Amino acid sequence: MSLFRLASIKNSEITPREIFQARRKIIKASLGFTAAAFLPTAANAEKKPFETVPVGPYSGDFPVTDYEDVTHYTNYYEFTTNKTGSTVLAQALKTKPWQVEVSGEVDKPGVYHLEDILKQNPLQERIYRFRCVEAWSMVVPWIGFPLADMLKAFKPTSRAKFVEFTTVYQPENMPGQRNKSLDWPYTEGLRIDEAMHPLSFIATGMYDDELPKQNGAPLRLVVPWKYGFKSIKAIVKIRFTETMPQTAWNKAAPDEYGFYANVNPNVPHPRWSQARERILGAGLFASKRDTEMFNGYAEYVAPLYKGMDLSKYI
Ligand code: MTE
């Protein structure tokens, strides 16, 4: 098979049809369940639950991005800094078997098999806006489950104030890890209330299909109100901490990347503006759109940062 052919295959072409359809049924069934779970409070009764809103307040006035664009323009420094290169290079990543090591301030530390995590967390679909710090944006239908559901099962203690995530270290298959472009393995972190927010999501699939390796298989974080680099791929470790963990980008360039990384059009990156964004797939000459505070999710997440100076806590 030529490299070009490999790069242009959709995962749905290589997943046996019956498995694909069975999975779709599970997703449909769990959609009904989780939508109901969002309804009880008076505040939520007014709003549609996240899971059933295909486009609207969550994805805004631009449509779901083409699968081809989302899978052929990725950021995955463990493979390459070239955005089209990981589509092919990432296929070398070994994702089976997969385990997640949970440690730190939790009552149930341990090494969890991905299959067991998946059994405990019914799949849902979330259509989210995604905004890269490099000023391009997209809308992706992710499949997965709320991060909070997974984390609560590990029983964090009252001292757990932050959560640190770590990407797999597989230098034999990840050529980028053989050089020092970042301090490997890639790590990211969230404050515990950010991690427990209902918008924070673990994706194990997208577009009704498995998560492609270049997009972070077998499981990645999606935090839609933060710049894309917070959404760490191929997670193998979760550590609950009392103090703020370091993150890969903060270590690499502390003047450019803070811990919070909330999408904020009013605070430019030191080397470029964040006021506007290019829509992925719209073409280089298409007009840009205004970047929205918290990527359009302010109504849901602004209270997390009440009283904080967001030009200081970048
Ligand atoms: N996770 C790891 N492990 N390595 C990376 O280089 N890049 C981040 C984030 N997660 C990255 C990562 C950046 S900069 C972005 S914008 C998003 O992944 C891109 O997600 P996508 O490639 O699925 O669009």
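Note: the structure precedes this text.
Below: a short report on this structure.

About the cut-offs
- Residues numbered from 1 in each chain as written.
- Predicted model: local features only at pLDDT ≥ 70, side-chain atom pairs only at ≥ 80, totals over all residues.
- Heavy atoms only, no water.
- Helix = DSSP H or I, 4+ residues; strand = E, 2+ residues; numbered from the N terminus.
- Polar contact = N/O pair within 3.5 Å; in protein donor to acceptor, adjacent residues only side chain to side chain.
- Contact = heavy atoms within 4.5 Å.
- Pairing = 2+ DSSP bridges.
- Axes fitted to C-alpha atoms, helices over the stretch in contact; angles between N-to-C directions.
- Near = heavy atom within 4 Å.
- Areas by Shrake-Rupley, 256 points an atom, 1.4 Å probe, with all protein chains shown as cover.
- Buried < 20%, exposed > 50% of the residue type's maximum accessible area, 1.4 Å probe, protein only.
- Salt bridge = Lys/Arg side-chain N within 4 Å of Asp/Glu carboxyl O.
- Phe/Tyr/Trp six-rings, centres within 6.5 Å; stacked < 30°, edge-to-face > 60°.
- Core = buried A, V, L, I, M, F, W, Y, C linked by side-chain atoms within 4.5 Å.

1. A few points about the side chain of T247
Thinking step 1. When you line up the elements, T247 lands in the loop between β10 (235-241) and α10 (248-252).
Thinking step 2. Within the structure, T247 has its side chain in polar contact with the backbone nitrogen of N250 (distance 3.2 Å).
Thinking step 3. Setting aside chain neighbours within four positions, we find T247 in contact with T187, E188, G189, K230 and F259.

2. Focus: the sheet that holds strand β2 (residues 110-113)
Thinking step 1. Spatially, the 5 strands line up as an open sheet ordered β2-β1-β10-β5-β6, and their pairing is mixed. Looking along the sheet, the strands with just one partner apiece sit at the ends: β2 and β6 (187-191). The sheet shows a mean angle of 20 degrees between the axes of neighbouring strands, taken without regard to direction.
Thinking step 2. Pairing analysis gives 6 bridges linking strand β5 (residues 162-167) to β10, with the strands arranged antiparallel. Paired with T167 across the strands is I235, a residue of β10.

3. Regarding the site of the ligand
Thinking step 1. As a structural note, the neighbourhood of the ligand is formed by 17 residues, with Y77, E78, R220, S231 and K233 the closest of them.
Thinking step 2. Within the backbone of N75, one N or O atom sits 3.1 Å away from an oxygen atom of the ligand.
Thinking step 3. Between the ligand and R220 there is a distance of 2.7 Å, counted from an oxygen atom to a side-chain nitrogen or oxygen.
Thinking step 4. Relative to its unbound accessible surface of 530 Å², the ligand loses 99% to contact with the protein.

4. Observations regarding unusual backbone geometry
Thinking step 1. Going from K96 to P97, the amide bond is cis rather than trans, its omega being -5 degrees.
Thinking step 2. Cis peptide bonds are those with omega within 30 degrees of zero, and the linkage from A217 to P218 qualifies with 0 degrees.
Thinking step 3. Along the chain, P218 falls in the loop between β8 (209-210) and β9 (220-222).
Thinking step 4. Non-glycine residue K155 carries a positive phi angle of around 55 degrees.
Thinking step 5. Phi at D208 is positive, roughly 60 degrees, even though this residue is not glycine.

5. Things to note about the pairing of strand β3 (residues 124-131)
Thinking step 1. Counting buried positions along β3 yields 8 of 8 residues, so the element is predominantly enclosed.
Thinking step 2. Bridge count between β3 and strand β4 (residues 136-146): 8 bridges; the pairing is antiparallel. Residue pairing in the sheet places R129 in a bridge with V139 of β4.
Thinking step 3. Taking the residues between adjacent antiparallel strands as the criterion, β3 and β4 are bridged by 4 residues, where A135 takes a positive phi near 70 degrees.

6. Concerning the pattern of salt bridges
Should their charged atoms come close, side chains of opposite charge can pair.
Thinking step 1. One pass over the structure, following the stated rule, counts 14 salt bridges.
Thinking step 2. E188 serves as the salt-bridge partner of K230, at 2.7 Å between the closest nitrogen and oxygen. Note that K230 is positioned in the loop between β9 and β10 and E188 in strand β6, a separation of 42 residues in sequence. Of the two residues examined, K230 and E188, each falls in the buried class.
Thinking step 3. Between R289 and E292 there is a salt bridge, with its nearest N and O atoms 3.2 Å apart.
Thinking step 4. The exposure class assigned to R289 is buried, which follows from its relative accessible area of 12%.
Thinking step 5. Bridged by salt links that share partners, the residues R129, R131, E277, R289 and E292 form one connected network.

7. Description of the pairing of β2
Thinking step 1. Alignment of strand β1 (residues 99-104) against β2, held across 4 bridges, turns out to be antiparallel. Paired with Q99 across the bridge in β2 is H113.
Thinking step 2. The hairpin formed by β1 and β2 contains 5 residues between the paired strands.

8. Here's the deal with the packing of aromatic side chains
Thinking step 1. Tallied over the full model, the rule gives 15 aromatic pairs.
Thinking step 2. Note on Y67 and Y207: the rings are 5.3 Å apart at their centroids and 90 degrees apart in plane angle, and the pair reads as edge-to-face. With a gap of 140 residues between them, Y67 in helix α5 (residues 67-72) and Y207 in the loop between β7 (201-206) and β8 connect regions that are remote in the sequence.
Thinking step 3. For Y67, a relative accessible area of 9% corresponds to the buried category.
Thinking step 4. Relative to Y305, the ring of Y260 lies with its centre 6.1 Å away and its plane at 85 degrees, an arrangement referred to as edge-to-face. Placement of Y260 in the loop between α10 and β11 (276-279) and of Y305 in the segment after α11 (298-301) is noted, with a sequence separation of 45 residues between them.
Thinking step 5. Classification of Y305 by relative accessible area gives buried; the value is 3%.
Thinking step 6. The structure contains a cluster of three or more aromatic residues connected by ring pairs, namely F162, F259, Y260, F294, Y305 and Y313.

9. Things to note about the nonpolar core
Across soluble globular proteins, you tend to see nonpolar side chains buried next to one another.
Thinking step 1. One finds W142, I238 and F240 to be the most contacted residues of the largest nonpolar core, which totals 77 residues.
Thinking step 2. Excluding its chain neighbours within four sequence positions, the residues that come into contact with F240 are V102, S103, G104, E105, V106, L151, F154, P156, A160, F162, V163 and I192.

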